[in-house]
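Remarks on the overall topology
Next come the chains, spelled out residue by residue.
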Amino acid sequence: MKTQPTFFPPRALGVFTVVLFLIMSGCQDVKTVPEPQEVPDTPEVIPPETTQAPSLWEPYDQGPELEANRDHPIARMRYKLIQSRISDKNTIFEPLAGASKALDPQRYEQLRDWVLPRSIPEIQEDIRGGLYTYEELTLFFLSRIYRYELNRDTYLNTILALNPEAIAQARRSDSLLAANPGAPRHPVFGMPVLLKDNIDTEGMPTTAGALALADHTPEDAFIVQQLKGKGAVILGKVNLSEWAYYFCSGCPVGYSAIGGQTLNPYGRRQFETGGSSSGSGTAIAAGYAIAAVGTETSGSILSPSGQNSVVGLKPTVGVLSRTGIVPISGTLDTPGPMTRFVSDTGILLDAMMGYDEQDTKSVNAQYEGQWYLPEDTSLAGLRFGVFESLLESDSLYRVAVDALRAAGAQIVPFTPPDTELEGFTQLLNGDMRQDLPQYLSDRVRDTAAVPVASVADVIAFNREDSLLRAPYGQGRLEGILADTTPADSLPVLRRRLQRLGMGFFEGAFQEGVHAVLSVNNQHAGLAAVARYPALGVPMGYRPDGQPANLTFIARRFQELELLRYGAGFEALGPFRQMPQGYTD
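Bear in mind the structure is a predicted one, so any value in this text is a computation, not a measurement.

Some points on the overall build of the chain
When you go through the chain residue by residue, the secondary structure sums to 20 helices and 13 strands. Since a compact globule built from 584 residues should have a radius of gyration of about 25 Å, the 24 Å found for the chain is in line with a globular shape. When the backbone C-alpha atoms are referred to their principal axes, the chain occupies close to 100 × 60 × 55 Å. Within the chain, the fraction of its 584 residues that count as buried is 57%. Accessible surface, the chain as shown: approximately 24,300 Å² in total, 50% of it carbon and sulfur. When the 49 positive and 67 negative side-chain charges of the chain are each reduced to one mean point, those points stand 4 Å apart.

Structure (structure tokens):
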């Protein structure tokens with residue numbers, strides 16, 4: 001029987017500890033200075049001092065930072081807190097603290113210059129050539145996580161848990177490579193991957209950012225089984241908008257009770273992280289892993305990918321299994337890859353694919369060879385639909401469109417019909433009312449440790465201590481209970497919304513376009529209800545330094561085509577830069 005790794009998750013604190021934390025955070029700079037002692041005339045035997053090892057992280061007064069954001073032009077960036085009131089960073093980071101220092105500075109700098117600019121195929125070539133090892137690759141990313149997440153000036157509140165078995169897994173990859181260098185292996189073999197914390201992982205709590213699930217320890221989700229089966233190194237879990245942002249209304253994206261407020265490396269407290277896959281986006285932007293997995297219902301991959309200048313794919317529902325993922329909507333939910341390069345996005349997508357008989361939407365997609373690395377990425381002759389309104393209003397979009405035109409693509413401007421997705425919220429409410437209890441029934445192993453079984457239970461649990469558990473309220477969850485839409489009306493609503501979404505893009509597709517071009521997640525809801533896949537690729541930065549993505553939207557099951565278009569556009573760059581302050 002395979003031994004499962006032990007993880008060290010954040011733990012909920014007792015009331016006394018929370019009070020002590022708040023006291024210490026306000027007075028941590030106050031030090032007791034001993035009075036001078038008289039020097040004795042004769043030598044005195046003094047017993048050796050016993051000193052406690054310093055903590056990796058000390059709480060500090062966040063008041064000045066919160067005050068600085070009090071008048072932020074984006075209302076939901078006027079934070080009530082940044083650091084989690086529940087989790088202790090020392091609990092997360094102490095187990096691997098020694099390993100994070102294993103690389104000497106010179107070797108770290110070599111790896112930084114070799115790894116960060118290179119894609120998975122290039123890194124695999126380097127490792128097979130003996131330039132470095134899988135173990136060193138994992139140690140490199142651990143070193144970066146500790147370097148930035150334990151520094152008050154650079155932390156992003158991205159990491160919720162680290163896998164103490166990650167190094168051992170990387171060593172096994174090295175052993176397998178040494179024993180049989182020519183064996184066929186998936187490109188994800190040995191690659192460190194981070195998972196959004198609504199994706200079940202054996203031995204590691206899956207919290208969805210919520211205190212109610214702090215001790216929820218399910219078995220692996222289907223996609224995690226697929227990743228492990230192909231040799232990926234699961235590095236840890238990352239922060240997210242609590243309950244995938246179907247929790248509070250108008251609250252900051254990237255906030256969770258377990259993880260605190262996720263911050264954007266391109267502008268901490270300046271730019272939003274996007275959500276709900278906030279930690280997946282910030283982790284890849286800051287160089288914490290080769291790849292991350294996010295999830296999307298409507299924009300939750302496309303938004304943080306654009307806000308953090310990373311590639312993100314929202315695949316057609318059914319291409320990837322949803323079994324073992326905390327749900328919002330069985331109609332629209334899907335996981336998806338988030339990486340620095342289009343090639344890596346294709347590799348991670350392929351590594352997670354497979355038919356799952358437990359997921360009623362799962363499809364048995366059959367692809368040959370390395371389909372995810374298209375050889376022909378020429379843009380010549382391709383037709384792209386572009387929004388006339390964006391051409392007029394978004395200069396960065398215009399520059400990207402001009403680059404495509406210069407590369408030989410044909411540009412087809414269009415104006416879609418005015419479309420209101422009436423009933424969209426009712427669909428999500430109805431789905432979550434049904435799907436969350438089903439997930440909890442199927443996946444919770446210890447009902448004594450997880451005190452909720454329904455949306456109503458979650459609301460009641462949070463009301464017991466709303467300042468700790470729901471400081472921004474829980475308006476969206478409460479909206480589910482208030483919604484009186486009959487369950488038997490949902491099938492009709494799904495079909496009507498799908499027709500509306502498809503109709504929005506139909507004018508462009510009737511002109512023979514291969515894909516429609518958007519920005520970030522601006523048309524994510526319409527693509528979602530149409531069941532269309534979408535790929536976001538970095539297209540540069542706005543004058544204030546905020547990143548933005550060009551988003552390719554295609555018809556159902558055209559993931560291969562999207563990867564081809566995205567790779568062709570990416571090759572016109574480079575459009576992506578590492579965030580300042582995270583280049584060391």
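Next comes the rest of the write-up.
Considerations on the layout of surface pockets
Estimated volume of the largest pocket: approximately 640 Å³. In this structure, the largest pocket is lined by 33 residues; those nearest its centre are Arg322, Thr323, Ile325, Pro327 and Gly330. Broken down by element, the lining of the largest pocket gets its largest block of residues, 7 residues, from helix α14 (residues 424-443). The residue makeup of the lining of the largest pocket, split by class, is 7 nonpolar, 15 polar and 11 charged.

Overview of the sheet that holds strand β6 (residues 291-296)
Strand order in this open sheet of 11 strands is β1-β3-β2-β6-β8-β7-β12-β13-β11-β9-β10, and the pairing throughout is mixed. Two strands close off the open sheet at either side, each with one partner strand: β1 (159-162) and β10 (410-414). Neighbour-to-neighbour, the strand axes of the sheet open up by a mean angle of 30°, direction not taken into account. Bridge analysis of β1 against strand β3 (residues 233-238) gives 3 bridges, and the strand direction is antiparallel.

Notes on unusual backbone geometry
Look at the link from Gly275 to Ser276: it is a cis peptide, with omega at 15°. Its place among the elements puts Ser276 in the loop between β5 (260-261) and α9 (278-286). The step from Gly573 to Pro574 runs through a cis peptide bond, and the omega angle for that step is 20°. Mapping Pro574 onto the fold places it in the segment after α20 (559-570). For Trp243, which is not glycine, the phi dihedral falls at a positive 50°. The residue Trp243 is located in the loop between β3 and β4 (255-256) in this model. Even without glycine at this site, Ser309 takes up a positive phi of about 55°. Within the fold, Ser309 resides in the loop between α10 (302-307) and β7 (311-314). Looking at Ser309, the relative accessible area reads 0%, which means it is buried.

Here's the deal with the pairing of strand β9 (residues 383-387)
By the criterion of burial, β9 is predominantly enclosed, with 4 of the 5 residues buried. Pairing of β9 with β10, which is carried by 5 bridges, proceeds in the parallel orientation. The partner of Arg383 across the bridge, within β10, is Gln410. Of the pairings in the sheet, the one linking β9 to strand β11 (residues 515-519) comprises 3 bridges and is parallel in character. By the bridge assignment for β11, Phe384 is matched with Ala515.

Brief notes about the side chain of Arg340
Among the structural elements, Arg340 can be located in the loop between β8 (334-339) and α11 (342-352). Contacts of Arg340, omitting those with residues within four sequence positions, involve Leu116, Phe141, Ile284, Gly287, Ala289, Ile290, Val311, Glu570 and Arg576.

Some remarks on the confidence of the model for the chain
Residue-level pLDDT values for the chain average 92, and 91% of them are 70 or greater. A low-confidence stretch, residues 1-50 stays under pLDDT 50, and its non-local contacts, those more than four residues away or across chains, total 50 contacts.

Considerations on the pattern of salt bridges
By the definition in use, this model includes 20 salt bridges. The partner of Glu202 in a salt bridge is Arg445, with the nearest N and O atoms 3.0 Å apart. Here Glu202 is found in the loop between β2 (192-196) and α8 (222-229), whereas its partner Arg445 is found in the loop between α14 and α15 (455-463), with 243 residues between them in sequence. Residue classification places Glu202 among the buried positions, given a relative accessible area of 14%. Its salt-bridge partner being Asp359, residue Arg322 comes within 2.7 Å of it at the nearest N-O pair. A residue pair is termed long-range when its members are at least 10 positions apart, and Arg322 in the loop between β7 and β8 and Asp359 in the loop between α11 and β9 qualify at 37 residues. By the burial criterion, Arg322 is buried, and Asp359 matches it. A network of salt bridges, in which partner residues are shared, links Glu67, Arg70 and Asp71.

A few points about the nonpolar core
Of all hydrophobic cores here, the largest spans 176 residues; its most connected members are Leu227, Trp243, Tyr288, Phe384 and Phe505. By residue number, the principal contributor to this core is helix α6 (residues 134-149), which donates 9 residues. Excluding residues within four positions of it along the chain, Phe384 makes contact with Leu379, Leu404, Ala409, Gln410, Ile411, Val412, Val513, Ala515, Leu517, Phe552 and Tyr565.

Notes on the packing of aromatic side chains
Where two aromatic rings form a pair, the distance of their centres and the angle of their planes describe that pair. A complete count under the given rule lists 22 aromatic pairs for this structure. Their ring planes at 45° and their centres at 4.9 Å tell us that Tyr148 and Tyr582 sit as a pair that is tilted. Of this pair, Tyr148 sits in helix α6 while Tyr582 sits in the segment after α20, and the two are 434 residues apart along the sequence. Grouping residues by exposure puts Tyr148 and Tyr582 together as buried. Every member of this aromatic cluster is reached through a ring pair, and the members are Phe387, Phe414, Phe504, Phe505, Phe509 and Tyr532. Here the guanidinium or amino end of Lys89 rests over the ring plane of Trp57, the centre of that ring lying 5.2 Å away. The ring of Tyr108 has Arg147 sitting right over it, with the charged end atom 4.1 Å from the ring centre.

So, how was this worked out
- Residues numbered from 1 in each chain as written.
- Predicted model: local features only at pLDDT ≥ 70, side-chain atom pairs only at ≥ 80, totals over all residues.
- Heavy atoms only, no water.
- Helix = DSSP H or I, 4+ residues; strand = E, 2+ residues; numbered from the N terminus.
- Rg over C-alpha atoms; globule rule 2.2 N^0.38 Å.
- Buried < 20%, exposed > 50% of the residue type's maximum accessible area, 1.4 Å probe, protein only.
- Areas by Shrake-Rupley, 256 points an atom, 1.4 Å probe, with all protein chains shown as cover.
- Lys, Arg positive; Asp, Glu negative; His and termini not counted.
- Charge placed at Lys NZ, Arg CZ, Asp CG, Glu CD.
- 1 Å grid on protein atoms, 1.4 Å probe; cavity = no way out; pocket = protein on both sides within 12 Å on 5 of 7 lines; lining within 4 Å.
- Points joined across faces, edges and corners; volume = space filled by probe spheres on them.
- Nonpolar A, V, L, I, M, F, W, Y, C, P; charged D, E, K, R; others polar.
- Pairing = 2+ DSSP bridges.
- Axes fitted to C-alpha atoms, helices over the stretch in contact; angles between N-to-C directions.
- Contact = heavy atoms within 4.5 Å.
- pLDDT = per-residue confidence, 0-100.
- Salt bridge = Lys/Arg side-chain N within 4 Å of Asp/Glu carboxyl O.
- Core = buried A, V, L, I, M, F, W, Y, C linked by side-chain atoms within 4.5 Å.
- Phe/Tyr/Trp six-rings, centres within 6.5 Å; stacked < 30°, edge-to-face > 60°.
- Lys NZ or Arg CZ within 6 Å of the ring centre and 35° of its normal.

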